Amino acid sequence: MNSESDKNMKGTTTVGFTCKDGVVLATETRATMGNLVANKGADKLFQIDDKIGATIAGTVSHAQSLMDVIKAQIALYKLRNEKDMSIDAVAVLTSNILKSAPLAVQTIIGGVDKDGAKVYSLDPSGSYMPDDCVSTGSGSIFAYGVLEDRYKPNLSIEEGKELAVRAITAAMERDVFSGNSYRLATITKDEMKIYTKEEIEEIKKNID
């Protein structure tokens, strides 16, 4: 998905929230160009460090470039300082990148550092906001309907996985720009885990 037409691919739903033992991130996988479903398997969830992940909403090529730059900057920081970059610092870094280039991207940055689980929402202007629970993209209004009803900060990771799938499902059923499949990740103090399609299907069985 690196062709010239990629710059026009957009439309999505992403969610991210903190739990008592970590962070949950989820997206669907549809990319659209106007009324055309341009790609059914767009990857909108990224691991940018050992225990930091991100979701993207907006123009696909811009978002991919943003993720590449963030990952490179984090790697350089770790090499120079011999320590991990904090979630707060990653949010500021991302904000500065967005301010310096016209990137049509919303992103959720989430992870776990020495201060605990954190989630940030960033928009194309470069503004960054810490939040416990956030959704972005064209289907976010439908995802928020589920999140506002069911989200609580003391959810476990296991409960959070089911909630994230519920929220993405609600968006996929009502937003024409969201659909096809799921991407799901959890982040704890030990690791970031990205779930397979088979594992997500098992989670769906528990909530159907």
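Residues numbered from 1 in each chain as written. Predicted model: local features only at pLDDT ≥ 70, side-chain atom pairs only at ≥ 80, totals over all residues. Heavy atoms only, no water.

S.K.: What is the right way to read the layout of surface pockets from this model?
M.R.: A water-sized probe, rolled over the atoms, reveals where empty space remains. Of the voids in this model, the largest pocket is the one considered here, and its volume is about 240 Å³. Lining the largest pocket we find 13 residues, and of these Asp 84, Met 85, Ser 86, Asp 113 and Lys 114 sit closest to its centre. Its residues placed into classes, the lining of the largest pocket shows 5 nonpolar, 1 polar and 7 charged. (1 Å grid on protein atoms, 1.4 Å probe; cavity = no way out; pocket = protein on both sides within 12 Å on 5 of 7 lines; lining within 4 Å. Points joined across faces, edges and corners; volume = space filled by probe spheres on them. Nonpolar A, V, L, I, M, F, W, Y, C, P; charged D, E, K, R; others polar.)

S.K.: What should I look at first to understand the state of the cysteines in this one?
M.R.: Simply put, the disulfide is a covalent bond whose two ends are the sulfur atoms of two cysteines. Counting across every chain of the model gives 0 disulfides. Of all cysteine sulfurs, the one in Cys 133 lies closest to Cys 19, which takes part in no disulfide; the gap is 9.2 Å. (Disulfide = S-S within 2.5 Å.)

S.K.: Mind showing me how you'd approach the environment of Val 24 here?
M.R.: Along the chain, Val 24 falls in strand 2 (residues 22–28). Distance in space between the C-alpha atoms of Val 24 and Thr 188 is 9.1 Å, their sequence separation being 164 residues. When residues no more than four places from it in sequence are discounted, the contact partners of Val 24 are Val 15, Gly 16, Phe 17, Cys 19, Ile 157, Gly 160, Lys 161, Ala 164, Leu 184, Ala 185 and Thr 186. (Helix = DSSP H or I, 4+ residues; strand = E, 2+ residues; numbered from the N terminus. Contact = heavy atoms within 4.5 Å.)

S.K.: Explanation requested: helix 2 (residues 87–100) in the structure shown.
M.R.: The periodicity of an α-helix, 3.6 residues per turn, causes residues three or four positions apart to be oriented the same way. Here helix 2 is 14 residues long and its end C-alpha atoms lie 20 Å apart, about the 20 Å a rise of 1.5 Å per residue gives. Of the surrounding secondary structure, the elements contacted by the buried residues of helix 2 are strand 5 (45–49), strand 6 (52–58), helix 1 (60–81), strand 7 (105–113), strand 8 (116–122) and strand 9 (128–130). (Expected span 1.5 Å × (residues − 1).)

S.K.: Mind showing me how you'd approach the sheet that holds strand 7 here?
M.R.: Sheet architecture is open: 5 strands sit in the order 5-6-7-8-9, paired in antiparallel fashion. The sheet terminates laterally at strand 5 and strand 9, the two strands that pair on one side only. Geometrically, the sheet is characterised by an average inter-axis angle of 25° between neighbouring strands, direction not taken into account. As paired strands, strand 8 and strand 9 are joined by 3 bridges and run antiparallel to one another. If you follow Ser 121 over to strand 9, its bridge partner there is Met 129. On the sheet, helix 1 packs against strand 5, strand 6 and strand 7 and is oriented at approximately 20° with respect to strand 5. (Pairing = 2+ DSSP bridges. Axes fitted to C-alpha atoms, helices over the stretch in contact; angles between N-to-C directions.)

S.K.: What am I meant to see in the pairing of strand 1 (residues 14–19) here?
M.R.: On a regular strand, one side chain projects to one face of the sheet and the next to the other, so that they alternate. Burial analysis of strand 1 places 6 of its 6 residues in the buried class, which makes it a mostly covered element. Burial of the side chains of strand 1 extends over both faces: Thr 14, Gly 16 and Thr 18 are buried on one face and Val 15, Phe 17 and Cys 19 on the other. Relative to strand 2, strand 1 is paired through 6 bridges, and the arrangement is antiparallel. Within strand 2, the residue paired with Cys 19 across the bridge is Gly 22. (Buried < 20%, exposed > 50% of the residue type's maximum accessible area, 1.4 Å probe, protein only.)

S.K.: Is there a simple way to explain the sheet that holds strand 12 (residues 192–194) in this structure?
M.R.: Sheet strands pair by backbone hydrogen bonding; their relative direction is either parallel or antiparallel. The sheet built from 5 strands is open, its strands ordered 10-1-2-11-12 with antiparallel pairing. Two strands lie at the open edges of the sheet, namely strand 10 (133–136) and strand 12, each paired on one side alone. Adjacent strand axes in the sheet meet at a mean angle of 10°, parallel and antiparallel pairs treated alike. Inspection of the sheet shows strand 11 (residues 182–187) paired to strand 12 by 3 bridges, in the antiparallel sense. What sits directly across from Ala 185, in strand 12, is Ile 194. Its contacts with the sheet place helix 3 (residues 140–150) against strand 1 and strand 10, and it is angled at close to 155° to strand 10. Contacting strand 1, strand 2 and strand 11, helix 4 (residues 157–174) crosses the sheet at an angle of about 20° to strand 2.

Honestly, it's all geometry; don't read function into it.
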